[in-house]
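Descriptive structure summary
Chain residues, written in single-letter form:
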Amino acid sequence: MERREFLTRTAATALAAVTPAAVLGSTANSESLPAASDSNPNAPSTVSLDTRQTVATVSPYLFGSFLEHLGRAIYDGIYQPGSPLSDAHGFRKDVLAEVRALGVPLIRYPGGNFVSGYFWQDGIGPQAQRPRILDRAWDSLETNQVGVDEFMAWCKLAGARPLMAVNLGSDTPMNASNLVEYCNVPQGTKWSDMRRANGVSQPYGIHHWCLGNEMDGPWQIGHCDATAYGYRAADAARQMKAVDPGIKVTACGSSSPGMPTYLEWERQVLEQCYEVVDYLSLHRYFNLPQKDEKPDYPRFLAQNLELDREVAQVGAVCDLVGARLKSRKTLRLSFDEWNVWYGSTGGDGKRKYAPHLIEETYNLGDALLVGGCINSLLRNAKRIEIACLAQLVNVIAPLMTNDQGVLRQTTYFPYRWALQLARGEVLAISHNGPGYETEPLGMAPYLDVVATLDNNRLCLLALNRDTSRTRTMECHFTAAHPGRILSAFTLTGSDLTATNTFAQPKNVLPERLPLPAPGRRMTIELPAQSYSVMQFELA
Ligand code: AHR
């Protein structure tokens, strides 16, 4: 089922025609992807690495995340006043400790669909005087107890920077620029003095901003056609940059490649705003395809290759528009929503406060695809500067809370590895090996491997898509080679549907991956259906 069908009642009707086949498309893999051949399906894969050949620097914002006023992400997720687990400001200390330890660099806020009906002034000033609002996006009660000042205070404690979205659905570009003034102007103007009156003397200096959310979607408050949105985005970008010329802004690309306007939307939007925006957004959620009424895991585990293709296609449209405008600028991409999302349905909060909405329980298979997506983001690091795992807590999230504590879902582990180990430069890889046929992707390699080099620390991240066999990876290193193994872990198991729960929080955990002695040539065995990370110090 296409995920939009369960977002809202209106979305379900409007998008009934968007089928999974349309979402998947049918073009061949992009050239940057590993080659796969089926000549000998049992042959080892060879991975050749020259530690002098780099593709791109990993942006510090490649593994950001997202917190929306949706369900229990904010309320009961990061903020639960009165809980013994919360601090004096109402922030959950256990959640903060997890986020800080992960090292999440950037967090998108406050939505998502929510932002398109959000009036940011409702969330400032004395908390007791803030209005209770009926949020139209998720049919939920919004108490406004968390607003921009609370979120910024939380970010500081979490060690994360904000990626602030403005409302270009029901609100105006002018009021978006008022928010920039509130946040970034030191003092002496209406909105900066309002911030100071609210107890925040220093400006926040928020650098990254999103110009609305998914404006191509009929479910979006204020949805309009591409040209109208392009004008609106350009107007907002100009006004916001007039207030603070140092900010970077992201225009909304398509909400999914399954949209009938996909790519044409990007072209028309950029024709209006190319020169005044800094990034274009992409979104992607993967669901579980079925074959003969059973989950089709081989196809599921190949879906990250579609993320590579989406980047190539959207990047090509950016370049087309840039060339037509004779621009000297190359537009970078912000993949500001990506994840697996298929099990949990229902976007109707029934007008409740902190309702349980889209609280996906992630299993081992989901974690493996998240690992594959991390590989795809790294492979495309030249083009992608920002990306956000959607979302961070309780709502399609690696972390879940209840009144007793916080749970690490299966997807937490690949995300943590990416944050902590995939740094520095992405290395060029020459990869050959067997693969398998998947519809509609064509040939998918069993192994999906990326490498990063941070000073003399080399990291390999490898997905084995083969659900039944250990796969051999023969690594050949040129120039420098591993001299010492720093760590090696794998996430694997016989049951792709295994999950972690509050009752059994350690059901799915990474285990040590046995490795041969480090050297110029290493033959590494990757377990069936696994995602592995290896870190070496170069000799
Ligand atoms: O992340 C959940 C929702 O998915 C967001 O609100 C929206 O932007 C997307 O459709």
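Residues numbered from 1 in each chain as written. Predicted model: local features only at pLDDT ≥ 70, side-chain atom pairs only at ≥ 80, totals over all residues. Heavy atoms only, no water.

Extensive coverage of helix α4 (residues 148-158) is indicated by the burial of 8 of its 11 residues. The elements touched by buried residues of α4 are α3 (93-102), β4 (106-109), β7 (161-166), α5 (173-184) and α6 (190-197). Gly-159 occupies a position one or two residues after α4 and carries a positive phi of about 75°. (Buried < 20%, exposed > 50% of the residue type's maximum accessible area, 1.4 Å probe, protein only. Helix = DSSP H or I, 4+ residues; strand = E, 2+ residues; numbered from the N terminus. Contact = heavy atoms within 4.5 Å.)

Taken domain by domain, the chain consists of domain 1 (14-55 + 426-538) and domain 2 (68-174 + 206-238 + 247-422). The centre of domain 1, based on its C-alpha atoms, is set 26 Å off from the matching centre of domain 2. Taken together, the 57 residues of domain 1 in the interface contact 49 residues of domain 2. Summed over both partners, the interface of domain 1 with domain 2 buries about 4,300 Å², with 70% contributed by carbon and sulfur atoms. At the junction of domain 1 with domain 2, the criterion picks out 1 salt bridge. For Asp-448, the salt bridge goes to Arg-379, with nearest N and O atoms at 2.8 Å. Applying the counting rule to domain 1 against domain 2 returns 14 residue pairs in polar contact (both at pLDDT 80 or more). When contributions to the side of domain 1 that touches domain 2 are tallied by element, the ones reaching two or more residues are α2 (20-24), β17 (425-438), β18 (442-445), β19 (447-454), β20 (457-464), β22 (482-491) and β25 (530-538). Among the elements that take part in the side of domain 1 that touches domain 2, β25 stands out by supplying 5 residues, more than any other. (Domains from an automatic or database assignment. Buried area = accessible area lost by both parts, 1.4 Å probe. Salt bridge = Lys/Arg side-chain N within 4 Å of Asp/Glu carboxyl O. Polar contact = N/O pair within 3.5 Å; in protein donor to acceptor, adjacent residues only side chain to side chain.)

Further remarks concern α3. Where α3 is concerned, the buried positions are Asp-94, Val-95, Leu-96, Glu-98, Val-99 and Leu-102. Turning to α3, the residues buried within the fold contact β4, α4, β15 (399-401), β16 (406-408) and α12 (412-421). Residue Gly-103 follows α3 closely and has a positive phi angle near 80°.

This part takes up the pairing of β22. When β22 meets β25, the two strands line up antiparallel, connected through 8 bridges. By the bridge assignment, Ala-488 is partnered in β25 with Met-534. (Pairing = 2+ DSSP bridges.)

Structurally, Asp-94 is set in helix α3. Along the chain, Asp-94 and Thr-478 lie 384 residues apart, while their C-alpha atoms are 44 Å from each other. Look past the residues within four positions of Asp-94 in its chain and what remains in contact with it is Leu-85, Gly-405 and Val-406. Polar side-chain contacts of Asp-94 include one of 2.8 Å to the side chain of Arg-92.

Okay, the pattern of salt bridges next. Inspection of every chain in the model, using the stated rule, returns 21 salt bridges. Of the charged contacts in the structure, one is a salt bridge between Arg-267 and Glu-264, with a shortest N-O distance of 2.5 Å. Taken together, the positions of Arg-267 and Glu-264, both in helix α8 (residues 264-273) and 3 residues apart, correspond to about one turn of that helix. Relative accessible area serves as the criterion here: at 35%, Glu-264 is assigned to the partly exposed category. Residue Glu-271 pairs with Arg-267 through a salt bridge whose shortest N-O separation is 3.0 Å. Of this pair, Glu-271 and Arg-267 both sit in helix α8, separated by 4 residues, roughly a single helical turn. Since its relative accessible area comes to 21%, Arg-267 is described here as partly exposed. By sharing partners, the salt bridges in this structure join Glu-264, Arg-267, Glu-271 and Arg-324 into a single network.

With that out of the way, let us pick up unusual backbone geometry. Omega for the peptide link from Tyr-109 to Pro-110 comes to 0°, which places this bond in the cis form. As for its placement among the helices and strands, Pro-110 is situated in the loop between β4 and β5 (133-135). Residue Gly-111 is joined to Gly-112 through a cis peptide bond whose omega torsion reads 15°. For Gly-112, the position within the fold is in the loop between β4 and β5. Positive phi, close to 50°, is recorded for Asp-292, a residue that is not glycine. Tracing the backbone shows Asp-292 in the loop between β11 (290-291) and β12 (294-295). Not every positive phi belongs to a glycine, and Lys-326 is a case in point at roughly 55°. With respect to the helices and strands, Lys-326 occurs in the loop between α10 (304-324) and β13 (332-340). For Lys-326, a relative accessible area of 72% corresponds to the exposed category.

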